[in-house]
Amino acid sequence: MILEHEIPQGTKLHFGLSAKIKRKIENLACEVFYQNGFEEILTPFFVYLEHQKNFSNRDIIRLSSQNNHQISLRYDSTIDAIRIITKRLGRATDQKKWFYIQPVFSYPTNEIHQIGAECLDASELPELLGLSAVMMRKLEIAPILQISNVKILQLCARDLGVDMQTFRRMQVEDILKSASYLADLLKVQTREDLESFAKKAPEFLKGALEAMSASASYCNYEKTIFSPLDFAPVDYYNDLVFRMFAGNHTFLLGGKYTIEGTESCGFGIYTDDVVDYLIKIS
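Quick notes on the rules
- Residues numbered from 1 in each chain as written.
- Predicted model: local features only at pLDDT ≥ 70, side-chain atom pairs only at ≥ 80, totals over all residues.
- Heavy atoms only, no water.
- Salt bridge = Lys/Arg side-chain N within 4 Å of Asp/Glu carboxyl O.
- Helix = DSSP H or I, 4+ residues; strand = E, 2+ residues; numbered from the N terminus.
- Buried < 20%, exposed > 50% of the residue type's maximum accessible area, 1.4 Å probe, protein only.
- Contact = heavy atoms within 4.5 Å.
- Pairing = 2+ DSSP bridges.
- Axes fitted to C-alpha atoms, helices over the stretch in contact; angles between N-to-C directions.

J.: It is not clear to me how the pattern of salt bridges should be interpreted in this structure. Could you clarify?
T.: When the charged atoms of two side chains with opposite charge come close together, those side chains can pair. Summed over the entire model, instances satisfying the criterion amount to nine salt bridges. The shortest N-O distance in the salt bridge between Lys151 and Asp239 comes to 3.1 Å. With Lys151 in helix α4 (residues 150-160) and Asp239 in strand β9 (residues 237-246), this residue pair connects regions lying 88 residues apart in the sequence. Classification of Lys151 as partly exposed rests on a relative accessible area of 36%. Residue classification places Asp239 among the buried positions, given a relative accessible area of 11%. Several salt bridges share partner residues, and in doing so they unite Lys22, Arg23 and Glu26 into one network.

This is the structure in structure tokens:
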């Protein structure tokens, strides 16, 4: 028996104070994005299953259309936004910077409210990282900014002669035994650590390490840490990745990626986590 007051596990209910804070965050985001040359896009809740980057993903909620086509609830806004901008809008616009305020869904009944920004030009990452810091300051939140670089993982895996999946499964003890430079990489946390290691690092890592170090100057954010061997939580990120968090709350995740053959960059704000955190500290 389902009681009248119950809602499915994983769904979201915002009312009163939480709804007010959620709207404040969204209005603030709209203001910042429009001031910086972004346009808004809202993509459909339903998408063809074959348009998902990994349609074998068991977290995708699948349905059938009236023509018996396999469709799903939107699982990822970045993939869908880039596909629609490049394939459907095509020559109708030359706009490169877009933002959206919309939820994504995963199996069985999870909904996640997000505010996202995508730029179809990977060289705009400094601006996006700067906007991330601006957003947090305007919300009066001071999370930790963590920067990593997927290319470092790829280069290390190649040097060890293993694929990324094998490297991902390796225990820390095995990683440390594999190559001496990996122990030093694991110790890197500050910019000083990173620059000190870069001087003695293997030649094949220097470019990726320099890119990480340079990213710290994009927004001059005080609470910045570096995690060279951190895996990206989203599989299409293939270069610099940044995350803003405090405690168990992840507020923002972004980085560089290539979708539909277009090198781009973007970030997503996890609205529900921000609302929850602001209520707790209020």
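Next comes the rest of the account.
J.: Can you help me understand the side chain of Ser18 in this one?
T.: Position of Ser18 among the secondary structure elements: in helix α1 (residues 17-35). Aside from chain neighbours lying at most four places away, what touches Ser18 is Leu13, Val275 and Ile279.

J.: What am I meant to see in the sheet that holds strand β7 (residues 144-149) here?
T.: Two pairing modes exist for strands in a sheet, parallel and antiparallel, and in both the strands are linked by backbone hydrogen bonds. Here we have eight strands laid out as an open sheet, ordered β1-β5-β6-β11-β10-β9-β7-β8, and mixed in their pairing. Edge positions in the sheet fall to β1 (39-40) and β8 (224-226), since each of these pairs with one other strand and no more. Pairing between β7 and β9: six bridges, direction antiparallel. Counterpart to Asn149 in the pairing with β9 is Leu240. Against the sheet, α1 contacts β1, β5 (97-106), β6 (110-119) and β11 (262-270), and its axis sits at roughly 15° relative to β6. Strands β6, β9, β10 (249-259) and β11 of the sheet are contacted by helix α10 (residues 271-281), whose axis makes an angle of about 160° with β10.

As far as function goes, none of this settles anything; it's purely spatial.
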